[in-house]
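Summary of the model geometry
Take a look at the letters that make up each chain.
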Amino acid sequence: MAALLWKLEAGNGNGPQSADAIERRIMTSSALRRKEARDPNRFKHKDVPTKLVTKAVPLPMTVRGHWFLSPRTEYSVAVQTAVKQPDGEYLVSEWSEVIEFCTGDYSTAHLQQLQLKAGSIAGRLRPFTVFYRNQTQEYFQHIRLQCGGVMPPALKDSSGSVGSPINGALSGVFFSCNTEFDTGLPPNDSPYGAMRFQIPAGRLFSPNTRLYFADFYCMYTPYHYVVLVLAPGGSEGDCFCQDRLPELDPAHNPFLTRTQQEGAEPVYSHTHGVILEVVLAAPVALAHGMLGEISGHMLMSQTTANAKKDPSCKTCNISVGR
């Protein structure tokens, strides 16, 4: 929720008036306009008029107006006043100068609200052993021939919540770790490509890796997605996340854990209540894993590339907007 303050001067060209002359009330009408969308993930042009009524007080005065504003969205706003005269008529001002502004990303407090909502449906944790990345054969051929066998971090797209600080700002390599409930293995199907790169979980989620919560969303389907960031401690990605994202305890959180008993190998677990998207904020060498072809189908309906979040979902939205 955003609050806009306006300082009102009485008279509107006819000179200041006393509070007594105004009698009982000043009406303030404000027009809030969402500017024409410049990318497909923003709402289209919309006017949101509101009227605020306040008792007469000595002028100048301040009136507070409230709107629910979406993050990363450009707005323009103007104010008009109507002052009641002794004869019962209202003296209406011209519209004020139009002020343009752009809202920012979700704050850490907003992301913590999303985190709590996501945690409430996360469900039980189940063990897994590998992170995996599905892509086309052409993608991996390009990595071998043009990138020296190393998958470079790519800039995060605009999918998910508009206000997530990582959208268009953090570079990383996307991985999955979700497994089939009955087999405990990665699914045979994929929306991204028929080739799968698998890497031992400990390679990406080591004791030196920090874990952050980045987003919670759905796309007009029953499935909900949680985006997490794994960043090597002290790396550029880690520095980016520290001031922007809530950090998770690797051993105690409802989404992705690494636990270890004394003298035993680490155990890695993921939630079955949501679909995890894990962004590793670092390059990954193909030599550290195994590449193979999957036998399932291409489920393109599940792809999340630049996918818009459902703004009407009560499960994964918070009061500040999408």
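Scope of this entry: the structure provided in the associated data block. (Residues numbered from 1 in each chain as written. Predicted model: local features only at pLDDT ≥ 70, side-chain atom pairs only at ≥ 80, totals over all residues. Heavy atoms only, no water.)

1. What about the pairing of strand S9 (residues 130–135)?
Counted residue by residue, S9 has six buried out of six residues, so it is predominantly covered. Judged by which residues are buried, S9 turns out to be covered on both faces: Val 130, Tyr 132 and Asn 134 on one side and Phe 131, Arg 133 and Gln 135 on the other are all buried. As paired strands, S9 and strand S13 (residues 195–200) are joined by six bridges and run antiparallel to one another. In the strand pairing of S13, Asn 134 is matched with Arg 196. (Buried < 20%, exposed > 50% of the residue type's maximum accessible area, 1.4 Å probe, protein only. Helix = DSSP H or I, 4+ residues; strand = E, 2+ residues; numbered from the N terminus. Pairing = 2+ DSSP bridges.)

2. Regarding the environment of Phe 175
In this fold, Phe 175 is placed in strand S12 (residues 171–175). In this structure Phe 175 comes out as buried when scored by relative accessible area, which is 3%. The spatial distance from the C-alpha of Phe 175 to the C-alpha of Ile 199 is 9.7 Å, given a sequence separation of 24 residues. Phe 175 has contacts with Phe 131, Tyr 132, Arg 133, Met 151, Phe 197, Ile 199, Leu 204, Leu 276, Glu 277, Val 278, Leu 280 and Val 284, leaving out every residue within four places of it along the chain. (Contact = heavy atoms within 4.5 Å.)

3. As for the packing of aromatic side chains
With the rule as written, the count across this model stands at eight aromatic pairs. Between the aromatic rings of Phe 205 and Tyr 268, the centroid separation amounts to 6.1 Å while the plane-to-plane angle is 45°, which identifies the pairing as tilted. Placement of Phe 205 in the loop between helix H4 (201–204) and strand S14 (209–218) and of Tyr 268 in strand S18 (residues 267–271) is noted, with a sequence separation of 63 residues between them. Of the two residues examined, Phe 205 and Tyr 268, each falls in the buried class. These aromatic residues form a ring-pair network of at least three members: Phe 128, Phe 131, Phe 205 and Tyr 268. In this structure, Arg 258 is placed above the aromatic ring of Phe 205, and the distance from its NZ or CZ to the ring centre is 5.0 Å. (Phe/Tyr/Trp six-rings, centres within 6.5 Å; stacked < 30°, edge-to-face > 60°. Lys NZ or Arg CZ within 6 Å of the ring centre and 35° of its normal.)

4. A word on helix H2 (residues 108–120)
The terminal C-alpha atoms of H2, which comprises 13 residues, lie 18 Å apart, in line with the 18 Å expected from a rise of 1.5 Å per residue. Those residues of H2 lying buried are Leu 111, Leu 114 and Ala 118. All buried residues of H2 project into a common sector of 55° when viewed along the axis, lining one side. Residues of H2 that are exposed and angled more than 90 degrees away from the buried face: Leu 116 and Ser 120. (Expected span 1.5 Å × (residues − 1). Arc of directions from axis to C-beta.)

5. Some thoughts on the nonpolar core
If you look at the biggest cluster of nonpolar residues, it comprises 57 residues, and the most contacted ones within it are Phe 131, Met 151, Phe 175, Val 229 and Leu 256. Excluding anything up to four places from it in sequence, Phe 131 contacts Phe 175, Ser 176, Cys 177, Phe 197, Gln 198, Ile 199, Ala 201, Leu 204, Phe 205, Leu 230, Leu 256 and Val 278. (Core = buried A, V, L, I, M, F, W, Y, C linked by side-chain atoms within 4.5 Å.)

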